[in-house]
Structure formats: C-alpha cells, structure tokens
Amino acid sequence: MGSVAGFSPSVWPLYPDPGKVIAVIVFVVLIYFRHSISVVLSITTLPITWRLTSSDFFISQERDGFDITFGNYSDHQQSSEPDYPDLIPPILHQISLGHREPREKWMEARNACLSYHPNWETHLWTDDDGAKLVKEKFPHLKDMWYRYKYPIQRIDALRYMVLQEYGGVVLDMDLECRRSLGPLRRFGFVAPAAHPVGFSNGFIMASKGHPFIGELLRNLPIFNWNWLGLPYATVMFSTGCHYASVIHALQSNRTDLRILGGTPDSPNLHRLNGHVITPLFQHLGASSWHSFDAHFIVSMGKYAVPLAMFGISSGCVLVFIWAGLLQYRHARARRASVSAKSFVRLE
Ligand SMILES: *[C@@H]1O[C@H](CO)[C@@H](O)[C@H](O)[C@H]1NC(C)=O
C-alpha cells in the first residue's frame, strides 16, 4: 500500500480527482446558466408558488366587503365612489392588430361594452397607433416587439404597455360586457382567476403606472424564449397568462394584486375559458390561435412539478454514473501504472 501512495503523485496530472472536477463543472454550469435556470424554475413551479399567500390577494366578502357575484351592484354602477376612491381611470382599451377589420360579432361585443360604460374614454388599438406607442414610449422594447414570432405576443405586450401608460381596463375583443366594471375600480390591479392556477390576461384592470405592470414589462426580455418552436408554449411562457402569473407569483408582496376568483359553490365563477357566461362577460371564445401543442402544455402544467423533479433527478443520476465511470478509469489507470512500475523494479 505504501508503494501505491508513493507513486500516486505522478498519476495526478493525468487523472485529476473526479470529485473536484465534477464540483467545479457543476458550479461553473450553475453560474453560467443561473438566469435560464431561474426562468425555467419559476415557470415550472407556478402550480406551487401561485397558491402561496393566495388568501391575501383573492377578492372576497370577508376581506374586502366585496360581492364577487356582483348581485349587490347595479349593472350600470360606473364607480366605486363614494365608498372607496377610484384607483382605476375610466378608460376602456381593446387591441386589434393584424391590419384586419375586427369580426362583426366582436364589434357587437364591443358595442355592448361601450353601452355599459357610456362616459368612459375608449380606445381601439390598431397596428398604427400600437406601433407608435411602442416606438415613442417603450423604445427599449421596440426591436423585441417587432421580432415576436406570433401576433398574440405583440398583443400581450401591448396590453401591458397600454396599462402602464394610461391605466384603465384592457379587454379581449371576444368579451361581451354584461354589466359595468365600475365597482372594481377601487382596486389598483384586478384580473380573473384561471384554471388550475394563475390569472387570465384577457381582462385586466390597473391604475396608471402600477408597479406590477412595470414588472410585467421589465421581465418581457428575460422571458422571451422560443420554446422549441412550440407556438402555445412560446406564447404562454413569454408574454401570455402563464408568464403574467409567474411574475405575479414572484412579487414579494402580492396583497394589492387582486384576483377575481370564485365562491365555494362556484369556484370558476369568473373563469374566462371557452364559451362561458360569467357575472361580468359573455365569452365568445376567440382562442383560435390555440395550437397543436396547447393540449400537451396544459396537461403538462398539471404535471409540471413532477416533471421538473424527474428532470432534476435524472440529471443527478447521469452525473453520478459519469462520476462513477471517471472514478473507475482513475483507479484502473492507477493500478496499471503501479503494476508497470513494480514490474520494472522487480527486474
Ligand atoms: C403588503 O402590502 C400591503 C398593502 O400595500 C400592506 O398593507 C402590507 O403591510 C404589506 N405586507 C408586507 C408583509 O409587507
């Protein structure tokens, strides 16, 4: 044994300690990819992180004295005053990009919304004034905005820009109003809960320059990934509902980022998915951009955490196998070297 120890230094330069090599490699990889790792982790862990502190931000009778069935409010209530100051300005924004005339049934839906908000400022954002807003107010996002592969990404980003710049309500073109949104104007930010987690960005209310909207804009470039060319994943994780919900979950104090959920009897009361009628809207369902990978991603969403755990653990197993192989080669080389030198000595 003593002779082995005596010979080993000559072996080190060829085969450095595998443990140290692996530690250094893992460290360098983690440092180098730390931003990517945090993006992937924040996206895959949403099913857990969304629910943390959720009792603080769901609008409720107990916390806010707010009736989320809206039965207590008149259809035409335009304001939350005099009980509460209005934080959200009376502006209705809709976005119709793509140089096409909005569909006729959407214009009917829009007219219903206008009639329930008679004295509100209204704005229908089209390609020209959308591009103008991006160029003048968000020049640092302009190149990314033009380069987005899917038009819905441009629409999503524009929602956040419009809310940042003006505040008010952003509504999808396929939402037909059934009453005024006035009672909700007392909150600084409101969006409807989605299923199973997060919120939908088809209807957002926010005060002008709300810090959370600022965070949505600040993170756009960080999350601007092309997910293996999968349209649904790319849209959802870069600009869409999943993206916005992840940024919500990343905020340290979510108390003021209010979500319109359901009641124990009707947990999906305000969910805008498919052709549904909620207390606020009739959803005509224009989600035609939902693509072949949508079903896959939605079902993956349910299994995101197990999948992430599986990915991490299989990565660990591979590293262990690799370390074992390295160790084996190291030991064999050492043995070969020792026996060769002993042989020479014996002679
Ligand atoms: C979170 O924000 C709310 C409202 O701004 C505030 O009342 C509350 O104290 C904050 N919570 C923490 C833990 O800072």
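For clarity, every value in this text was computed on a predicted model and none was experimentally measured.

Participant: What should I look at first to understand the nonpolar core in this one?
Facilitator: For soluble globular proteins, nonpolar side chains are generally found buried alongside one another. Formed by 51 residues in total, the largest nonpolar core has its most connected members in Trp 145, Leu 158, Tyr 160, Met 161, Phe 189 and Phe 199. Apart from the residues within four sequence positions on either side, Phe 189 is in contact with Phe 199, Ile 204, Met 205, Ala 206, His 210, Phe 212, Ile 213, Asp 256, Leu 257, Arg 258 and Ile 259. Grouped together as the second largest cluster of nonpolar side chains are 25 residues, Ile 59, Ile 68, Ile 88 and Val 190 included.

Participant: Explanation requested: the pairing of strand E1 (residues 91-95) in the structure shown.
Facilitator: Most of E1 sits out of view: five of its five residues are buried. Here E1 shows a buried face lined by Ile 91, His 93 and Ile 95 and a second buried face lined by Leu 92 and Gln 94. In this structure, E1 lies alongside strand E3 (residues 168-171), joined through three bridges in parallel fashion. What sits directly across from Leu 92, in E3, is Val 169.

Participant: Honestly, the site of the ligand in this entry has me stumped. Any pointers?
Facilitator: Residues in close proximity to the ligand include Asn 253, Thr 255 and Asp 256, which together make up its full environment. In the environment of the ligand, an oxygen atom lies 2.3 Å from a nitrogen or oxygen atom belonging to the side chain of Asn 253. Measuring from an oxygen atom of the ligand, one finds a side-chain N or O atom of Asp 256 at 3.1 Å. Calculation on the ligand without its partners gives an accessible area of 360 Å², and the protein chains cover 28% of this total.

Participant: Looking at this structure, how should I read the UniProt feature "transmembrane region" (unreviewed entry) in the protein chain?
Facilitator: Mapped onto this numbering, the UniProt entry gives "transmembrane region" (unreviewed entry) at residues 20-43, 227-250 and 303-325. Secondary structure across residues 20-43 divides into 96% helix and 0% strand, with the first and last C-alpha atoms of the span separated by 32 Å.

Participant: Would you mind showing me how to read the packing of helix H8 (residues 127-137) against helix H9 (residues 139-147) here?
Facilitator: Where H8 meets H9, the closest approach of the two axes is 6 Å, and the angle between their N-to-C directions is 140°. By the angle between their directions, the pair H8 and H9 is classed as oblique. Of the residues in H9, those touching H8 at Gly 130, Ala 131, Val 134, Lys 135, Glu 136 and Lys 137 are Pro 139, Lys 142, Trp 145 and Tyr 146. For the contact of H8 with H9, the class distribution of residues is five nonpolar, one polar and four charged.

Participant: When you look at H8 in this model, what are you seeing that I'm missing?
Facilitator: For H8, every residue scored as buried is listed here: Asp 127, Gly 130, Ala 131, Leu 133 and Val 134. Across the axial projection of H8, the buried residues extend over an arc of 155°, all falling on one side. Within H8, the exposed residues directed more than 90 degrees away from the buried face are Asp 128, Lys 135 and Glu 136. Elements in contact with the buried residues of H8: strand E2 (121-125), H9 and helix H10 (151-166).

Participant: I would appreciate a short explanation of unusual backbone geometry in the present structure.
Facilitator: In terms of backbone geometry, most residues other than glycine have negative phi values and most peptide bonds are trans. Here the residue pair Glu 81 and Pro 82 is connected by a cis peptide bond, since its omega of 5° sits within 30 degrees of zero. Checked against the element boundaries, Pro 82 lands in the loop between helix H6 (61-64) and E1. In this chain, His 195 is followed by Pro 196 through a cis amide linkage whose omega measures 0°. Residue placement: Pro 196 occurs in the loop between strand E5 (189-192) and strand E6 (203-206). Its identity is not glycine, yet Phe 70 carries a phi of approximately 65°, on the positive side. Residue placement: Phe 70 occurs in the loop between H6 and E1. In this structure, Leu 228 is a non-glycine residue whose phi angle is positive, near 55°. Along the chain, the position of Leu 228 falls in the loop between helix H11 (211-219) and helix H12 (231-238). Given a relative accessible area of 79%, Leu 228 falls into the exposed group.

Each value, and the rule that gives it
- Residues numbered from 1 in each chain as written.
- Predicted model: local features only at pLDDT ≥ 70, side-chain atom pairs only at ≥ 80, totals over all residues.
- Heavy atoms only, no water.
- Core = buried A, V, L, I, M, F, W, Y, C linked by side-chain atoms within 4.5 Å.
- Buried < 20%, exposed > 50% of the residue type's maximum accessible area, 1.4 Å probe, protein only.
- Contact = heavy atoms within 4.5 Å.
- Helix = DSSP H or I, 4+ residues; strand = E, 2+ residues; numbered from the N terminus.
- Pairing = 2+ DSSP bridges.
- Near = heavy atom within 4 Å.
- Polar contact = N/O pair within 3.5 Å; in protein donor to acceptor, adjacent residues only side chain to side chain.
- Areas by Shrake-Rupley, 256 points an atom, 1.4 Å probe, with all protein chains shown as cover.
- UniProt positions renumbered as here; feature names shortened; annotations may be inferred.
- Axes fitted to C-alpha atoms, helices over the stretch in contact; angles between N-to-C directions.
- Parallel < 35°, antiparallel > 145°, perpendicular 65-115°, else oblique.
- Nonpolar A, V, L, I, M, F, W, Y, C, P; charged D, E, K, R; others polar.
- Arc of directions from axis to C-beta.

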